Each structure stands twice: as structure tokens, then as C-alpha cells.
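The residues making up each chain are set out below.
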Amino acid sequence: MKDTPVDGARSKPIMLHQNIFKGFILVLVGLFLFACMDATTKYLTAHHNVPFVVAMRYIIQCSIMFVILAPRHSSYLLHTQRTGLVVVRSLALCCASLFVGLALQRMPVAETTAITFLAPMFVVLLSPLLGEKINAVGWIAALMGFVGVLLIARPGGGLDLAGIIFALLAVCANTIYQILSRVLASTEKAITLLFYTAFIGSICFGIALPWYWENTRPSNLEIVLFLVVGISGGLGHYLFTLAYRYAPASAISPMLYLQLVWAGLLGWIIFDTTPDGLSILGMIVIAASGLIIALKSNFSRANKINANTLRE
């Protein structure tokens, strides 16, 4: 139930000091934790209903974040300037988490992860809503992303149709989440946005818990795995927040597609599933299209900075 990280926690992140290598290590570990969360979620959804697994993830994650963050950041954990949009953003992530869980219940980890990485392409296609223009490179990258998904979800590929639909619904919800993340980045603190996602998720799934509560007691292993889901999600987001304080978004965003490697590796080790040749090609195409978008965004940002510098 991975939450695709935002490209830059704030519009002007506070840097402790530039350390690209440290930022890279934090991102690498964070991506591994997200892959662990997805793999663990897939295992748990084979034995428990998806809403129950998602509820445990958010409740545990919120509790951990509260324990870690409240002592130092209690003064502004809940302070927002645009509360309505912050809540909508959190609800979008709740929907994405639920849909990803339903997709993982029906499909391998690697294929599910690859399809969810369509969200950045959807963000590009909807960028005119944010006052941005789509050039030829953006259209080509978006087209590549769709081609990659077709290679993965092709007829006769063996993937569950319902799983593909749930993965695409997760992409739609995640697109809303990412767009609102970009809108809110200039006014809200990253740590506040992180806390709200866990807090709103805990409330939503916690209130509905009586309707899907399971009478059977989880085994000791499953209790540990529920803790792993919550801890890996919370700690993964925390490491990403730290990473943006050591390295700029331009250095971090191209690294995000390493999660496809982690997802494929864990899927092979834990579930003994390996994508076929065309699916692997589709993943490569999706990753390439995402890298094109990330590098193009970084190039455009660098040109704007250089232009502003020349004007000054």
C-alpha cells in the first residue's frame, strides 16, 4: 500500500546541508520499506479482509508518528492554512490505500507497483489545471506510460481483471493526492501533511472498523506483520522527509523508480512470482517514461533558476 512520495516536501525545503549521498541512502531505505509494506499487505490480505488490514496500517502508523513527532512538533502538527484541501488530500490517500490493497490481493507485487507508478503521468496530463503547459516531451512520456501498462495488463497476460481495475482506481486517487500535494506544498509544512494522512486514515477506517471487524484472532506472526505494515509505512515517509532536507527534489525524484526493483525482488523471494518478458518490458517502459518526466521537470526548474539569476 505504497503512497507515492511527493516531488519535494515543500516548495522551498529547509536544507540542513547538502549531502546527496545521505539523501540517496535515505530514499533507498524508504523505498525498501514501502516495498516491504506492499509485500506484507499482500500476505495479510490473503488471510484478512482488506479494510481491516488498511485500518491496522493507519492506526499503527498514526500512533508511531504521534509518539515520534508530538514531543518536538506538537505546536503545529494539526495547524494548517488550508484545512479543507489537506483533508481532501488525506481522503484521496485513504482511497488509494484501499484500492492498492484490493489490487495486491489479486495481483503480484511488482505488476501492481508498476501500474501505480502511472500517477505521475496522470499528473502531467492534468498539469494545465495548475496553470502549466504540456509540451511534446510530456505527451510522449505519458503515451509511453500507457503503453507500459498495456504490456503489463494485456489480454492473456494472466492478471486478474478486477485487480487491474483496482490498481487503476488507485492511480486516479493517487493522482488527486499528488496534485493536492503540489498545491499545498507552498503553504503547509511537510510534517503536518504527513501527520494528517495518518490521522485522517485512522479516523476513517477506525470508525468503519465495527462493520468489517474479524472475530478470529490473528496469529502471533500476523500480529507482527500488522506492526510491520504500520511501522514500514510511517518510517518510510519519515525517511523521505529527512531525505528532502539533505538532497534537492531534482536529485531524489529520479530515484523513486528503484521501488520497482525492490517490489520485483520481494515478490520473487516471498511469493515466488516473477513477471514474464512482456511485463518486465512494460515496467521498464513505465520507469523510463517516469524518468523522462522527472528529468524534464528538473531541467525546466534549473532553466528557470538560471533565468532568474541572469535577471538579477
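To be clear, the structure that these remarks concern was listed above.
Source: prediction; values computed, not measured.

Rules and cut-offs
Residues numbered from 1 in each chain as written. Predicted model: local features only at pLDDT ≥ 70, side-chain atom pairs only at ≥ 80, totals over all residues. Heavy atoms only, no water. Helix = DSSP H or I, 4+ residues; strand = E, 2+ residues; numbered from the N terminus. Buried < 20%, exposed > 50% of the residue type's maximum accessible area, 1.4 Å probe, protein only. Contact = heavy atoms within 4.5 Å. Areas by Shrake-Rupley, 256 points an atom, 1.4 Å probe, with all protein chains shown as cover. Core = buried A, V, L, I, M, F, W, Y, C linked by side-chain atoms within 4.5 Å. Expected span 1.5 Å × (residues − 1). Phe/Tyr/Trp six-rings, centres within 6.5 Å; stacked < 30°, edge-to-face > 60°. Lys NZ or Arg CZ within 6 Å of the ring centre and 35° of its normal.

Draft legend 1. Summary view of the overall build of the protein. The helix and strand tally for the protein stands at 13 helices and 0 strands. Sequence-ordered secondary structure for the protein, helices as α and strands as β, is α-α-α-α-α-α-α-α-α-α-α-α-α. Relative to its 312 residues, the protein shows a buried fraction of 50%. Intrachain contacts of the protein at a sequence separation of at least 6 include 91% that bridge at least 24 residues. Only carbon and sulfur atoms are counted for the fraction: they give 70% of the accessible area of the protein, which is about 14,400 Å².

Draft legend 2. Inspection of the nonpolar core at higher detail. Grouped together as the largest cluster of nonpolar side chains are 60 residues, with contacts concentrated most on Phe205, Phe226 and Ile286. Ranked by residue count, the leading element in this core is helix α2 (residues 50-73), at 8 residues. Residues within four places of Phe205 in sequence aside, it is in contact with Pro51, Val54, Ala55, Tyr58, Cys94, Leu98 and Tyr212. Counting residues in each nonpolar core, the second largest holds 9 residues, with Cys62, Met65, Ile191 and Leu194 among its members.

Draft legend 3. Molecular detail of the environment of Val53. Mapping Val53 onto the fold places it in helix α2. Val53 gets classed as buried once you look at its relative accessible area, which sits at 0%. Separated by 12 residues in sequence, Val53 and Thr41 place their C-alpha atoms 7.1 Å apart.

Draft legend 4. Representation of helix α8 (residues 190-207) in the model. Along its 18 residues, α8 runs 26 Å from first to last C-alpha, staying within 8% of the 26 Å computed at 1.5 Å per residue. Extensive coverage of α8 is indicated by the burial of 13 of its 18 residues.

Draft legend 5. A look at the packing of aromatic side chains. According to the stated counting rule, one finds 6 aromatic pairs in the structure shown. Aromatic side chains Tyr58 and Phe205 sit 5.8 Å apart centroid to centroid with 10° between the ring planes, which places their arrangement in the stacked category. Linking Tyr58 in helix α2 with Phe205 in helix α8, this pair joins segments that are 147 residues apart in sequence. In this structure, Tyr58 and Phe205 share a single accessibility class: buried. Three or more aromatic residues link up through ring pairs in this structure, and these residues are Phe66, Phe195 and Phe199. Here the guanidinium or amino end of Lys42 rests over the ring plane of Phe271, the centre of that ring lying 5.6 Å away. Sitting above the plane of the Tyr58 ring, Arg57 keeps its charged end 4.5 Å from the centroid.

Draft legend 6. Examining the environment of Ser289 more closely. For Ser289, the location among the structural elements is in helix α13 (residues 277-311). A sequence separation of 147 residues divides Ser289 from Ala142, and the C-alpha atoms of the two residues are 6.8 Å apart. Filtering out sequence-adjacent residues up to four positions away, Ser289 remains in contact with Met121, Ala141, Met144 and Gly145.

Draft legend 7. Quick look at the side chain of Glu222. Along the chain, Glu222 falls in helix α10 (residues 220-246). With residues near it in sequence (within four places) discarded, Glu222 still touches Leu44, His47 and His48.

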